[in-house]
Each structure stands twice: as C-alpha cells, then as structure tokens.
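# Remarks on the overall topology
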Amino acid sequence: MFQVNKNYLKLPGSYLFSTIAKKVNAYTEANTDRTIIRLGIGDVTQPIAPAIIKAMHEAVDEMGNAATFHGYAPDLGYAFLREEIAKQDYQARGCEISADEIFVSDGAKCDCGNIQEIFAADSKIAVCDPVYPVYVDSNVMAGRTGEYDEESGTWSNVIYMPCTAENQFVPELPKETPDLIYLCIPNNPTGTTLTREQLKIWVDYANRVGAVILYDAAYEAYITEENVPHSIYEIEGARTCAIEFRSYSKNAGFTGVRLGFTVVPKDLKCGDVTVHSLWARRHGTKFNGAPYVTQKAAMAVYSQEGKAEIKEQVAYYMRNAKAIYDGLKEAGYQVYGAVNSPYAWLKVPEGMTSWDFFDYLLEEANVVGTPGSGFGPSGEGYFRLTGFGTYENTVMAVERMKALKK
Ligand code: PLP
C-alpha cells in the first residue's frame, strides 16, 4: 500500500481563515439584518491601476498575433523585467544587485514555501513569533520541525523568537544557533519593522554563525519611515547571508494576477556551492516561467504613470490603517503597527483570548478581524485589523469599536 507524506498529518487543526469564514457565515445566517465589516483577510480591494491594465491589454493583443506571440517564458523571468527590478528596486537604493540575481515567479507565497527545499533536511529554522504561517508550515511538510505540542502551540524543533509589546516587537538573537532565519519585515501580522541598525545586528549575526536570512519584504511598499530599510541589501554584508522575497500583490494589487520575485545574491555560498545555482536549478525544474502578460503588467508598475497610480493606492490603504490606529488609540486600546504597514495590531482587553475578542467583536460590533493566536503562540492576546477595506467601511468599523468602549 502506498504511503502518504506523514509530515502533512502533523499539521494542526483547520486553517485560520477557514475557521474565521465558518464563524462569520454562521453568524450572518443567524443575523440576516446585520452588516458585517470585514477587516480580517489581507487581500487588497482596489482595482488594478489603469497604467497596468493598459499594459496587460497590449500584452494580451500581442499574444493574439503570430508575429508577437510568446510561448514559454524564460524560467527565471524575462530579461526586460529582471533588469528593471535590479535597476529600480535595488540599484536606485544603492543595493548591489544585478538582473541575473533575480528570479521572477508567480508570487512570494510559493517562493517562501519552496525555498526550504534547497537547504539540508536537518536545517534548524528560527521564526519570529507571531508571523505569516507559511514559513513554519512548509518546514513541517518537509519534516524539519519535530513534534507539535498542542498546549503551547509550538514545534519541538523550531526556534521561536517572540515579538511582543514587551520587546517592542524586535526579535532577540536566539540562544541556540539556527541555520535558516525567517524575517518578515514589515511584519505580518504585527505591522512592525526593524530599523537599519536593528537589521544590521541580524546580518552580522547570520554572517558570524553561518546562517541564512530568508527576508520576506512583501510589504515593502508600505514603509514610510526613513530609517526602515526597504531591502535587506541596504545593509552591508547582506549579500553573503540573505535571500529576499518580493511580491506585486500588496504594492500593485496583483493578489489575483500573481507575480513576485526572489533575490539570491551570487555571494551567498555553502563552501564552493552557490545557493543561486541551486535555486536556479530548482526553478528551472519545477517552475515553467511566469506569464508574459503578467510580466508586462509588472513593467508598468515601474513606469512613471504606474508608479504614481500605485502610490495613491498604497496611500489609500495607509489612510485606512491610520484611521484604525488613531481611532482605537483614542478609544483606549493599545495599538501597534500601521505606520509602515497596512496592518494594525492591537492588544485585546484584559481577561480575553484572541478568539474571545474575535467572537465579541463579531457579535457586538459586527466587525471581523483576525485573532493573533493564529499567527503563533506569542500572538495570543492580540488581534489584527487590516487597512485593505474601503475607507468608509474602515471608519464605520472604528466607530463601532469605539462605541463598544463607551
Ligand atoms: N509574504 C507575506 C508576509 C504575506 O503576508 C503574503 C500574503 O499575504 C505573501 C508573502 C504572499 O504574497 P504573494 O501574493 O506574492 O504570494
């Protein structure tokens, strides 16, 4: 009899967002007169910017003409896009990254999930807690994480780096040396970041102990503070220890279009072996290139018009995040994030768990958010609200939450 990958069976419970959806559906069925405001899932809501749509239309037309038709794209991405990325996202910020160190893909989730397979099976991983669940789950599937402890919500072979209000959401260097360190900056779900100086400590540490930093910068476009780096390669020494993931989902609304990229510097080596060569091999074997139409769409992200349009969209979401942050502060909540991120992270009232607060907010204010405990054990006692809704709904949700406090 065939056997399945038993590591999959270790994955605990049902997925966070499906549990939320079930609870919300049950509530709406029982209360058809209520209007629910959803500030839970991290999906964008604004339509794709006109300059990008125009580029996509043109690319679609090219596909319908024998002279300009495109078949399989190069595995690693079209040169036109890789060059633009290197120039605009990196060299313009003083980062020494070249086009051939960029791997275009269909999004950051796949890359963040797949990257672990080019490292040794017994690699020890370290993650911020709370964090985007893909890093831990993809390592569970690969059999690296040991056993799950229901009570503490932790894996025996994962190094957790708590990020809470007590340490200003800045992870401490781990006592036990990891091989792979996942950093998500700006962080999902806490919305917090690291300054240049704080990130430099991690780069120096990784170089010293021989670890790789897997740096997820999916929310880079939301950074507003000067001293927060947009890329880890702004930090000296990162070329020998860091891989960076980027996405067009949150800066340009590509959550349904699908495009992202990963940067693997050629200086990142294990002895004589470059990690770049392994990722190129993996990409070439398991990925058949992102669509031409989508890569052309991404080119428009870098055009003058495109840049102006997406800047406006990011500003729209940030206005929402600020409305949440300011409104809830005024109502007496402890709120974090929302300055360099579309996510506001709040402390739930004393005596409640994250899920208690979820139910309370759903029932009393008809507002849906995400319980912090779904992002890791240190997320317990916190709650995430996102700026990805409409401004009107966001303001209404904040008003409802303020009214609850009265
Ligand atoms: N990384 C983080 C931290 C995210 O929060 C998300 C999506 O929510 C992703 C990656 C996924 O990005 P993509 O849509 O490019 O797969």
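Small disclaimer: the values here were computed from a predicted structure and weren't measured. Chains are numbered independently. Their residues run from 1 in the order of the written sequence. Restriction of local features to residues with pLDDT of at least 70 applies here, the model being predicted, together with a cutoff of 80 or more for giving and counting side-chain atom pairs; totals for whole chains, interfaces and linings are based on all residues. Derived side-chain values reflect all non-hydrogen atoms in the structure, with water molecules and hydrogen atoms excluded from consideration.

### Examining the UniProt feature "binding site: substrate" (unreviewed entry) in the chain
Cut-off, in case you're wondering: UniProt positions are given in the numbering used here, feature names are shortened, and annotations may be inferred rather than shown by experiment. Under the DSSP-based scheme used, a helix requires at least four consecutive residues in state H or I and a strand at least two consecutive residues in state E, with every element numbered from the N terminus. Any two residues whose heavy atoms approach within 4.5 Å are treated as being in contact. Only protein chains enter the accessibility calculation, which uses a 1.4 Å probe. A residue is then buried if its area is under 20% of the maximum for its type, exposed if over 50%, and partly exposed in between.
According to UniProt, the feature "binding site: substrate" (unreviewed entry) maps to Tyr15, Gly42, Lys109, Tyr132, Asn188, Asn288 and Arg384 in the numbering used here. A maximum C-alpha distance of 35.8 Å shows the annotated residues, which cover 370 residues in sequence, to be distributed over more than one spot. Its place among the elements puts Lys109 in helix H4 (residues 108-114). The residues contacting Lys109, other than those within four sequence positions of it, are Tyr132 and Val134. Secondary-structure assignment places Asn188 in the loop between strand E7 (180-184) and helix H6 (196-209). A relative accessible area of 4% means that Asn188 is categorised as buried. Each residue touching Asn188, except ones within four places of it in the same chain, is listed here: Val131, Tyr132, Tyr219, Tyr343, Phe375 and Arg384.

### Describing the packing of helix H3 (residues 79-90) against helix H9 (residues 292-301)
Operational definition: Fitted lines through C-alpha atoms give the axes, limited to the stretch in contact for helices. The angle between two N-to-C directions lies from 0 to 180 degrees. For classification purposes, angles smaller than 35 degrees are called roughly parallel, those larger than 145 roughly antiparallel, those between 65 and 115 roughly perpendicular, and all remaining angles oblique. Each crossing gets its handedness from the near helix: less than a right angle anticlockwise from the far helix is left-handed, clockwise is right-handed. Each residue is assigned to one of three groups, with Ala, Val, Leu, Ile, Met, Phe, Trp, Tyr, Cys and Pro labelled nonpolar, Asp, Glu, Lys and Arg labelled charged, and all others, Gly among them, labelled polar.
Contact geometry of H3 with H9 gives a least axis separation of 9 Å together with a crossing angle of 30 degrees. Considering their axes alone, H3 and H9 lie roughly parallel with respect to each other. Here H3 and H9 pass one another in a crossing that is left-handed. On the side of H3, the interface is formed by Phe80, Leu81 and Glu84, while H9 contributes Tyr292, Gln295, Lys296, Ala298 and Met299. Residues that form the contact of H3 with H9 fall into these classes: 5 nonpolar, 1 polar and 2 charged.

### Things to note about the domain arrangement of the chain
The figure often quoted for interface size is the accessible area lost as the parts come together. Note the threshold: Domains are outlined according to an automatic or database domain assignment. Two parts placed together each lose some accessible area; with a 1.4 Å probe, that loss summed over both constitutes the buried area. Put simply, a salt bridge is a Lys or Arg side-chain nitrogen that is within 4 Å of an Asp or Glu carboxyl oxygen.
Taken domain by domain, the chain consists of domain 1 (6-48 + 305-403) and domain 2 (52-303). Summing the contributions of domain 1 and of domain 2, the shared interface buries around 3500 Å²; its carbon and sulfur component is 62%. Taken together, domain 1 and domain 2 are joined by 1 salt bridge. Lys10 is paired through a salt bridge with Glu147; the nearest N and O atoms lie 3.5 Å apart. Going through the elements one at a time, helix H10 (304-330), strand E13 (335-337), strand E14 (343-347) and strand E17 (382-386) are the ones with two or more residues in the side of domain 1 that touches domain 2. Here the side of domain 1 that touches domain 2 takes 9 residues from H10, the largest share from any one element. Counted by class, the side of domain 1 that touches domain 2 contains 19 nonpolar, 12 polar and 6 charged residues.

### Focus on the UniProt feature "binding site: pyridoxal 5'-phosphate" (unreviewed entry) in the chain
Selection criterion: A pocket, in this scheme, is an open set of points on a 1 Å grid over the protein atoms alone with protein on both sides within 12 Å along at least 5 of 7 lines, while a cavity is a set where a 1.4 Å probe fits but cannot get out; residues line either one if an atom lies within 4 Å of a point.
Sites flagged by UniProt as "binding site: pyridoxal 5'-phosphate" (unreviewed entry) map to Tyr72, Ala108, Lys109, Tyr132, Asn188, Tyr219, Ser247, Tyr248, Ser249, Arg258 and Asn288. Spanning 217 residues, the named residues are also spread out in space, since their farthest C-alpha pair is 33.6 Å apart. Lining of the second largest pocket among the annotated residues: Ser247 and Tyr248. Turning to its location among the elements, Ala108 is positioned in helix H4.

### Quick word on the layout of surface pockets
To be explicit about the condition: Grid points are joined across faces, edges and corners, and a volume is the space filled by probe spheres set on the points.
The volume enclosed by the second largest pocket comes to roughly 650 Å³. The wall of the second largest pocket is formed by 25 residues, among which Arg93, Glu220, Ala221, Asn251 and Ile310 lie closest to the centre. Elements with a contribution of two residues or more to the lining of the second largest pocket: H3, strand E9 (242-247) and H10. In terms of residue count, H10 provides more of the lining of the second largest pocket than any other element does, 6 residues in total. Considering only residue class, the lining of the second largest pocket consists of 14 nonpolar, 5 polar and 6 charged. Counting residues domain by domain, the lining of the second largest pocket receives three or more from each of domain 1 (6-48 + 305-403) and domain 2 (52-303).

### Focus: H10
Here is the rule we go by: Multiplying 1.5 Å by the residue count of a helix minus one yields the expected span of that helix.
Between its first and last C-alpha, H10 extends 38 Å over 27 residues, near the 39 Å set by a 1.5 Å rise per residue. At the C-terminal side of H10, Gly332 shows a positive phi close to 100 degrees.

### A closer look at the site of the ligand
Put simply, the rule reads: One heavy atom within 4 Å of a molecule or strand makes the whole residue count as near it. Within 3.5 Å is the distance limit for a polar contact, defined as a pair of N or O atoms, with the added protein rule that one can donate a hydrogen and the other accept it, and that residues adjacent in sequence qualify only through two side-chain atoms. The protein chains shown are the only cover counted for residues, whose accessible areas, like all others here, come from Shrake-Rupley with a 1.4 Å probe.
Not every one of the 14 residues close to the ligand is listed here, only the nearest: Asp216, Tyr219, Ser247, Ser249 and Arg258. At a separation of 2.6 Å, a nitrogen atom of the ligand approaches a polar side-chain atom of Asp216. Contact distances for the ligand include 2.7 Å between an oxygen atom and a side-chain N or O atom of Ser247. If the ligand stood free it would expose 400 Å²; the protein chains cover 91% of that surface. Elements with a contribution of two residues or more to the shell around the ligand: H4 and helix H7 (249-252).

### Digging into the packing of aromatic side chains
Rules: Centres within 6.5 Å are what make two rings of Phe, Tyr or Trp a pair, Trp counting through its six-membered ring; a difference in plane orientation under 30 degrees is then read as stacked, over 60 as edge-to-face, and the rest as tilted. Note on geometry: a ring has a charge over it if NZ (lysine) or CZ (arginine) is within 6 Å of the ring centre and within 35 degrees of the ring normal.
Evaluated as defined, the whole model comprises 26 aromatic pairs. Judged by centre distance (6.2 Å) and plane angle (85 degrees), the rings of Tyr222 and Phe388 are edge-to-face. You can see Tyr222 sitting in the loop between strand E8 (212-216) and E9 and its partner Phe388 sitting in the loop between E17 and helix H12 (391-405), a full 166 residues away along the chain. Under the relative-accessibility criterion, Phe388 is labelled buried at 1%. Where Trp355 meets Phe358, the ring centres are 5.2 Å apart and the plane angle is 70 degrees; that geometry is what we call edge-to-face. Placement of both Trp355 and Phe358 in helix H11 (residues 354-365) is noted, with a separation of 3 residues, approximately one turn of the helix. Residue Phe358 is classed as buried on the basis of its relative accessible area, which comes to 0%. One Lys or Arg, Arg319, reaches over the ring of Tyr391 and ends 3.6 Å from the middle of that ring. Above the ring of Tyr382, the side-chain terminus of Lys347 is found at 4.4 Å from the ring centroid.

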